[in-house]
Amino acid sequence: MSDLQSASSSTTAIPEKSSKPGLQGRMGTTALVLTVLAVAAPLASVSGVFPVVIGFGGSAAPIAYLIATGILVAFAAGLATMSKYVPNPGAFYAYVTSGLGKRAGLGGAFLAIFAYWLMSTASYAFLGSATNRLIVHFGGPDIAWYWWQIIGWVFVGFLGYRNIELSAKVLTVAMVLEVAIVLVFDIAVIARGGSEGLGIPLITSETFSSGNIGIAVLFCVLCFIGFESTAIFREEARDPEKTVPRAMYLSVLLVGVFYAISVALMILAYGQNDVADVVEENSAGMFDEALGAYAAPIFMDICAILVVNSVLASQIALMNMLSRYLYSLGNDGVLPRSLGQAHPKHRSPYRASLVVTAMIGLLGAPFIFIASEPMDLYAKMIGVGTYAVAVLMMFASIAVLVFFRRNPQPDASPLKTTVAPMVAIAGFGLVLYLATTNMDLISGLTGGLAVALVILTYLVIVAGAVLATVYRKTKPEVFQRIGRQDL
């Protein structure tokens, strides 16, 4: 039986739950949405990603967010529909396996771990830098950024060891405060009319002809990272058949509309003629300064505190996602089975969380000695991580389309099983083409190093496929479980 055939036959029926103790929780739609949105770190995205999107997209930045929203709504439609017929936890790992087979599924799981590992490690550099600036701003000592990074690393590791309920409570407070400060900015700009008055930003044809809009869309995707993780928490969700799809749609739509409006108002706050110069000269401080100018100077102090809060919340969510990927792989026996054990008291993937904490520490440690400016490190690593996630989403879109071609479901709408994944494939395909041909702009590296990063991304997928092939010959029982197929 071929790999694809085995995927088809193993997903036509809902697998039975095993009696083995697993993860538990009572997360509702709100908790899932907050956990997902925290990965994107709304305030950190507004402060750090908006300037990049404006730099590439200019006045078309709001359009870039709407394009990204459209692609991801299509992606979410197919993924949410597939989740009803593939009720396995594991997110991309389970879905790619069900659609494209076990080799592709394990390759996708490895790519997800690679992408989130890079992004999480990069975000700790952001956390260290932002915390140091905050302490100095309020008259505290100017100490090396990595000490704050280490403190945050220990704190997040502790939360990951405990359980998702504790983390969700922390994320709820973080999300409310972050969204509130951005809303203060939005309302202040609307009330005062912007630098040149309110109006729809004018879009030039040059932005589209240069291809920069595609790169802008890629960085917009960064602001949506994590919405697919709703499926990872199936075992911890209340009524997952309803809450998981609902949380997917809400996450994408809330992020897309909120960011499209906010980035338009940031452009209007500085004026369409001057915003490009501000991005060039003061990208890191453009949101803070606009907030202080349009609302009140005290909001700059509040924002400095909440940026640290935002990045920390993102780290908590990324820890949860990474640990659950390792938990799934451990459950299947692909990685050591000890990783697939839940804590007897907290019902958390505690061993997987400890391994993730160690992985981040190992990858981040060398940069303590070689990165004098942590934000340079952040920009390079986050760009590569985002590219890897876009590749993963492309993979998953293809998997959804293939799954429903091989497993027709009379009660499923063709709009969701065929049209939506095809739209997502076309969208991600164009974005990835533009990103691949402009990897130097995304990663900050040039020449052979930029090419090597692209190759490395796809080699991670190959590594997973090769390991699956090895297991098929040496451990067929493990091979059969790849993709959470034997729960």
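A quick note: this is a predicted structure, and the numbers were derived from the prediction, not measured. (Residues numbered from 1 in each chain as written. Predicted model: local features only at pLDDT ≥ 70, side-chain atom pairs only at ≥ 80, totals over all residues. Heavy atoms only, no water.)

The secondary structure content of the protein amounts to 21 helices and zero strands. Looking at the protein residue by residue over its 487 residues, the buried ones come to 59%. In the protein, of all internal contacts separated by at least 6 residues, the share reaching a separation of at least 24 is 83%. (Helix = DSSP H or I, 4+ residues; strand = E, 2+ residues; numbered from the N terminus. Buried < 20%, exposed > 50% of the residue type's maximum accessible area, 1.4 Å probe, protein only. Contact = heavy atoms within 4.5 Å.)

One pair of aromatic rings is described through two measures. These are the centre distance and the angle between the planes. According to the stated counting rule, one finds 14 aromatic pairs in the structure shown. Summarising the aromatic geometry, the rings of Phe-56 and Phe-219 are spaced 6.0 Å apart at their centres and angled 15° between planes, so their arrangement reads as stacked. A residue pair is termed long-range when its members are at least 10 positions apart, and Phe-56 in helix H3 (residues 42-57) and Phe-219 in helix H10 (residues 212-222) qualify at 163 residues. Owing to a relative accessible area of 17%, Phe-56 belongs among the buried residues under this scheme. For Phe-219, a relative accessible area of 7% puts it in the buried group. Seen in terms of ring centroids, Phe-75 and Phe-428 are 5.7 Å apart; in terms of plane orientation they differ by 90°. Their pairing is edge-to-face. Residue Phe-75 is found in helix H4 (residues 61-85), and its partner Phe-428 is found in helix H18 (residues 414-437); the two are separated by 353 residues along the sequence. The class of Phe-75 is buried, set by a relative accessible area of 2%. By relative accessible area, which is 2% here, Phe-428 ends up buried. (Phe/Tyr/Trp six-rings, centres within 6.5 Å; stacked < 30°, edge-to-face > 60°.)

It is worth spelling out the side chain of Ser-353 at this point. Inspection of the secondary structure puts Ser-353 in helix H15 (residues 350-364). Given a relative accessible area of 0%, Ser-353 falls into the buried group. Dropping the residues within four chain positions of it, Ser-353 is found in contact with Gly-160, Tyr-161, Met-319 and Ser-323.

Now for H18. Over its 24 residues, H18 runs 34 Å from end to end, which matches the ideal 34 Å to within 8%, given 1.5 Å per residue. Every buried residue of H18 is listed here: Thr-417, Ala-420, Pro-421, Ala-424, Gly-427, Phe-428, Val-431, Leu-432, Leu-434 and Ala-435. Of the surrounding elements, those touching the buried residues of H18 are H4, H10, helix H17 (374-406) and helix H19 (439-443). (Expected span 1.5 Å × (residues − 1).)

Of the residues in the protein, 83% have a pLDDT of 70 or more, and the chain-wide mean is 82. Per-element mean pLDDT across the protein ranges from 42 in helix H1 (residues 3-10) up to 92 in H18. Low pLDDT (under 50) marks residues 1-24, which in the prediction has 53 contacts with non-local residues, meaning those over four places away or in another chain. (pLDDT = per-residue confidence, 0-100.)

Time to look at the state of the cysteines. In a disulfide, the sulfur atoms of two cysteines are covalently bonded to one another. Going through the model one piece at a time under the given rule, you end up with zero disulfides. The cysteine Cys-220 is free of any disulfide, with Cys-223 supplying the nearest cysteine sulfur at 6.3 Å. (Disulfide = S-S within 2.5 Å.)

All right, on to the packing of helix H7 (residues 145-161) against H15 then. Across the interface, H7 lies against H15 with an axial gap of 8 Å and an inter-helix angle of 165°. It follows from the interaxial angle that H7 and H15 lie roughly antiparallel. You can see that H7 and H15 cross each other, and the crossing is right-handed. Taking contact as the criterion, the partners of Gln-149, Trp-153, Gly-157, Gly-160 and Tyr-161 in H7 are, on H15, Tyr-350, Ser-353, Leu-354, Thr-357, Ile-360, Gly-361 and Gly-364. Split by residue class, the contact of H7 with H15 holds five nonpolar, seven polar and no charged. (Axes fitted to C-alpha atoms, helices over the stretch in contact; angles between N-to-C directions. Parallel < 35°, antiparallel > 145°, perpendicular 65-115°, else oblique. Left-handed = near helix turned anticlockwise from the far one by under 90°. Nonpolar A, V, L, I, M, F, W, Y, C, P; charged D, E, K, R; others polar.)

We now examine the packing of H4 against H18. Helix packing geometry: the angle between the two helix axes and the distance between the axes. Between H4 and H18, the shortest axis-to-axis distance is 8 Å and the interhelical angle comes to 135°. On the basis of the axis angle, H4 is oblique to H18. Crossing geometry of H4 relative to H18 is assigned as left-handed. The segment H4 lies against H18, with Ile-71, Leu-72, Ala-74, Phe-75, Ala-77, Gly-78 and Thr-81 engaging Lys-416, Thr-417, Ala-420, Pro-421, Val-423, Ala-424, Gly-427, Phe-428 and Val-431. Tallied by class, the residues present in the contact of H4 with H18 amount to 11 nonpolar, four polar and one charged.

Another point: helix H12 (residues 275-282). Taken residue by residue, H12 has Val-275, Val-278 and Val-279 as its buried positions. Summarising the axial view, the buried residues of H12 lie within an arc of 100°, below the 170-degree limit, and thus occupy one face. Seen from the open side of H12, the exposed residues pointing more than 90 degrees away from its buried face are Ala-276, Glu-280 and Glu-281. (Arc of directions from axis to C-beta.)

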